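A structural walkthrough
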Amino acid sequence: MVIILLLILSVVTGVLLGKFFGTKEKFAKNLLIFSAGFLITICVNEVFPSIYESDVENIGIWVIAGVLLQMVLEHLTKGFEHGHFHHHSEHGILPMALILGMFVHAFIEGFPLAYETDVFSPYLQGIIFHNLPISFILGAFLFKSKKFSRNSWLIISMFALASPLGMIFGAYFDPELQPYFMAVVGGIFLHISSVIIFESNRNHNVNWSKIGLVVLGVALAMLGHNFHHH
């Protein structure tokens with residue numbers, strides 16, 4: 001129950017930050033870059049070691065499947081989770097395809113949490129830090145007028161409940177399938193974090209502030225990694 005509350009709280013917190021600070025585009029980009037550094041470190045230190053220790057043959061194929069799945073989902077979301085939300089703003093509404101893509105994305109991420117009991121789990125921390133910038137962008141878009149609407153909160157509720165629903169649904173599967181779920185999500189995380197990091201440096205110029213944000217995300221994830229294992 002605590003894990004479900006943390007998942008929901010991460011979305012609500014991000015949305016509220018987006019509502020009040022959504023006009024600060026640089027803040028949103030910095031939050032994305034920081035979370036990407038955190039997320040890719042969780043992949044390398046936690047997700048990938050756990051799946052390759054599972055002795056499942058060809059588990060790497062499922063990681064690649066996660067990368068490809070995220071590419072398909074991005075066809076629906078148009079890179080919304082990377083901060084590409086300007087071209088969705090013409091009519092001030094979110095397309096159903098985008099909402100569906102975000103829901104499926106978050107729903108799948110909840111599967112590996114089905115048997116998780118540790119509230120300090122690095123994987124759970126990865127999802128929480130991943131939720132914050134996406135929810136920030138969502139809140140910034142939905143509350144541009146600073147007004148609370150029923151449709152806006154319906155969309156936010158769907159996104160906030162997606163991972164908890166995936167977590168509950170995942171409990172109906174055989175626990176031996178856990179490495180496969182984790183591998184798919186690992187591929188999703190790898191794709192998202194690498195795209196954010198590379199997109200933030202399109203001109204191939206050294207941007208020390210962006211490098212610093214990535215390093216800060218990596219350092220925080222490493223701190224959690226050391227705390228969790230010692």
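Overview of the structure. (Residues numbered from 1 in each chain as written. Predicted model: local features only at pLDDT ≥ 70, side-chain atom pairs only at ≥ 80, totals over all residues. Heavy atoms only, no water.)

Quick notes on the packing of aromatic side chains
Think of a pair of aromatic rings as described by two things: how far the centres are apart, and how the planes are tilted against each other in angle. The following threshold applies: Between the rings of Phe, Tyr and Trp (Trp by its six-membered ring), a pair exists once the centres lie within 6.5 Å; its type follows the angle of the planes, with under 30 degrees stacked, over 60 edge-to-face, and the other angles tilted. Per the convention used, a helix needs a DSSP run of H or I reaching at least four residues, while a strand needs a run of E reaching at least two, with both numbered from the N terminus. The buried label goes to any residue with under 20% of its type's maximum accessible area, the exposed label to any with over 50%, and the partly exposed label to all in between, with areas taken from a 1.4 Å probe on protein chains only.
A full pass over the atoms with the stated rule returns 13 aromatic pairs. Each ring, one from Phe-27 and one from Phe-136, has its centre 5.4 Å from the other, and the planes form 45°; the classification is tilted. One end of the pair, Phe-27, is in helix α2 (residues 25–52); the other, Phe-136, is in helix α5 (residues 122–142), with 109 residues separating them in the sequence. The class of Phe-27 is partly exposed, set by a relative accessible area of 37%. Through a chain of ring-to-ring contacts, the aromatic side chains of Phe-103, Phe-107, Phe-111, Phe-169, Phe-173 and Phe-181 assemble into a single cluster.

A short note on a nonpolar patch on the surface
Put simply, the test is: The patch calculation keeps residues exceeding 30% relative accessible area without a salt bridge and links them within 9 Å when they carry like charges or within 5 Å when they are nonpolar (Val, Leu, Ile, Met, Phe, Trp, Tyr). Using a 1.4 Å probe, accessible areas were evaluated by the Shrake-Rupley method; residue-level cover was limited to the displayed protein chains. Here, a salt bridge means any Lys or Arg side-chain nitrogen found within 4 Å of an Asp or Glu carboxyl oxygen.
A contiguous nonpolar surface patch, about 530 Å² in accessible area, is contributed by Leu-161, Leu-165, Ile-168, Phe-169 and Tyr-172. As for its placement among the helices and strands, Leu-165 is situated in helix α6 (residues 150–170). Judged by relative accessible area, which is 42%, Leu-165 ranks as partly exposed.

Observations concerning the environment of Phe-169
Filter applied, for reference: The contact definition used throughout considers only heavy atoms, calling two residues in contact when any of these lie within 4.5 Å.
Looking at the secondary structure, you find Phe-169 in helix α6. In this structure Phe-169 comes out as partly exposed when scored by relative accessible area, which is 39%. Excluding residues that lie within four positions of it along the chain, Phe-169 makes contacts with Phe-107 and Phe-111.

Some remarks on the nonpolar core
The test is simple: In plain words, nonpolar cores are sets of buried Ala, Val, Leu, Ile, Met, Phe, Trp, Tyr and Cys residues tied together by side-chain atoms within 4.5 Å.
Ranked by internal contacts, the top residues of the largest apolar core, which has 52 residues, are Leu-113, Tyr-123 and Leu-138. Mapped onto this core, the elements with two or more residues apiece are α1 (2–21), α2, α3 (59–77), α4 (96–110), α5, α6, α7 (178–199) and α8 (208–229). For this core, the leading source of residues is α2, giving ten residues.

Concerning α5
Threshold: A helix is expected to span 1.5 Å for every residue after the first.
Under the 1.5 Å per step criterion, the end-to-end length of α5 is 30 Å for 21 residues, consistent within 8% with the ideal 30 Å. The buried count for α5 comes to 19 of 21 residues, which makes it a mostly enclosed element.

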